[in-house]
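Examination of the molecular architecture
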Amino acid sequence: MEYENLLRSTEGPLGIITLNRPERRNALSLELMLELIRCLDEFGGDTDVRAIILAAAGKAFSSGHDLTEMVGRTVNDYRRIFDVCSELMQKIQSIPQPVIAQVQGIATAAGCQLVATCDLAIASDEATFATPGVKIGLFCTTPMVALSRAVGRKRAMEMLLTGRMVDARTATDWGLINRAVPAAQLQAETRALACQVAESSSLTVAIGKQAFYTQVDLDQPKAYAYAKEVMTMNALAQDAQEGISAFLEKRVACWSGK
C-alpha cells in the first residue's frame, strides 16, 4: 500500500522507513503515526528483513506532535492522539527486528521520544535533542516515559523542566543515542550497524529483543528468573545449536531462523 507521509524501501536484509514531511519538520501527525505503525507491522512480519532503519527527509528528524492538531480539540481527540503515539512507541519495541534511528537533525518532544524508543540510534554530530513542551504549557509527559528510561531520572528531569537543547555529544554521553558521527558519514555508519545486527540469527535477535524489554523493569531476582528460562529455551533452538557447533568447528554458521 502507498504511504502519504513515509517512504518505504528495502536494501538487502534492511528495511528503510523515511519520515517524509520535511515541509512540516516531520511533525508526527495522527496520519503519519498510523502509517508508521502500519509500516512497522509490515516489516515486522517480513522474515527477509533483519533490521530496520528509521530515517527522515529534510533538515529535521522530527519536531514532535503536529501542533496544528493540538488546538481546540475535544478530550477524545487528545486521547486518540496520545493513544496512537503510545501504540507507535510500543510497536517499535514489540516487533522482532531491531529498529535503528538515523538522526540527521533536530529531534524534539515526541521526536525525541521516537529516538529514545528505538532500540539503537546513530546521530549526526549536528543533531540536537529537546523536550521543550514545558515552554508552551504542555509538559512532555509521554516523551518522559521513553526519555527517563534512556537517560535516567536527573538528566530526564533537567531536559523536561528546562526544555533546553542537548547536543549530540551530550546525548551520547547521557545514553540517548549510541554515538554521534560526522554528518557525511551518518548513512554509512547507520547501515554498517544495521548490517552487523542482520548477520546474526533472526530468531536469536528476536528472542533477545523481547527478553531485554521484559526484564529491564523487573527487580533483579525476577529478572534472573525470567532470563534463565528464556536462555534455556533459546539453547534448544536449531540456530543456537548450529551457532555453537559452528563456533566449535571454526566455521561460519548457517542460520535457519528456527
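To keep things clear, this report deals only with the structure shown in the data block. Keep in mind it's a predicted model, so treat the numbers as computed, not measured.

Side note on helix H5 (residues 153-162)
- For H5, the complete set of buried residues consists of Ala156, Met159 and Leu160. Viewed along the axis of H5, the buried residues span an arc of 95 degrees, placing them on a single side of the element. Away from its buried face, by an angle of more than 90 degrees, H5 presents the exposed residues Lys154 and Leu161.
- Structurally, H5 contributes buried residues whose contacts are with helix H3 (110-117), strand S7 (128-130), helix H4 (141-151), strand S8 (166-167) and helix H6 (168-174).
- Positioned one or two residues after H5, glycine 163 has a phi angle of 70 degrees, which is positive.

A closer look at the pattern of salt bridges
- Evaluated as defined, the whole model comprises 11 salt bridges.
- A salt bridge links glutamate 158 to arginine 164, with the nearest nitrogen and oxygen atoms 3.0 Å apart.
- Overall, glutamate 158 belongs to the partly exposed group, its relative accessible area being 34%.
- Here glutamate 249 and arginine 251 are joined by a salt bridge, their closest N and O atoms 2.7 Å apart.
- Taken together, the shared-partner salt bridges in this structure form one network comprising Arg8, Arg38 and Glu42.

Re the sheet that holds strand S3 (residues 51-56)
- Taken in spatial order, the 6 strands make up an open sheet running S1-S2-S3-S4-S6-S9, and their pairing is mixed. At either end of the open sheet lies a strand with only one pairing partner, and these are strand S1 (6-11) and strand S9 (179-181). In this sheet, adjacent strand axes meet at a mean angle of 20 degrees when their direction is disregarded.
- With 6 bridges connecting them, S1 and strand S2 (residues 14-19) associate as antiparallel partners. Among the inter-strand pairings, leucine 7 is bridged to a residue of S2, identified as threonine 18.

Examining the sheet that holds S8
- Spatially, S5-S7-S8 is the arrangement adopted by the 3 strands of the open sheet, whose pairing is mixed. In the strand order of this sheet, the two ends are held by strand S5 (107-108) and S8, each with one partner.
- Relative to S7, S5 runs parallel, the two being bridged by 2 bridges. Across the sheet, alanine 107 pairs through a bridge with phenylalanine 129, a residue of S7.

Conventions and cut-offs
- Note that residues are indexed from 1 along each chain, following the sequence as it is written.
- Side-chain atom pairs in this predicted model are given and counted only at pLDDT of 80 or more, local residue features only at pLDDT of at least 70, and totals for whole chains, interfaces and linings cover all residues.
- Side-chain metrics in this entry use all non-hydrogen atoms of the structure; hydrogen atoms and water are not considered.
- Three labels apply to residues, based on accessible area from a 1.4 Å probe with only protein chains included: buried if under 20% of the type maximum, exposed if over 50%, partly exposed otherwise in between.
- A helix here means a DSSP run of H or I that spans at least four residues, while a strand means a run of E at least two residues long, and both kinds are numbered starting from the N terminus.
- Working definition: the arc comes from the directions between the helix axis and the C-beta atoms, pointing outward to the latter.
- Whether two residues touch is decided by their heavy atoms; if any such pair falls within 4.5 Å, the residues are in contact.
- Salt bridges are defined by distance alone: a side-chain nitrogen of Lys or Arg within 4 Å of a carboxyl oxygen of Asp or Glu.
- By definition, two strands form a pair when at least two bridges between them are found by DSSP.
- Only the stretch in contact is used when fitting a helix axis, every axis being a line fitted to C-alpha atoms; angles between N-to-C directions are given from 0 to 180 degrees.

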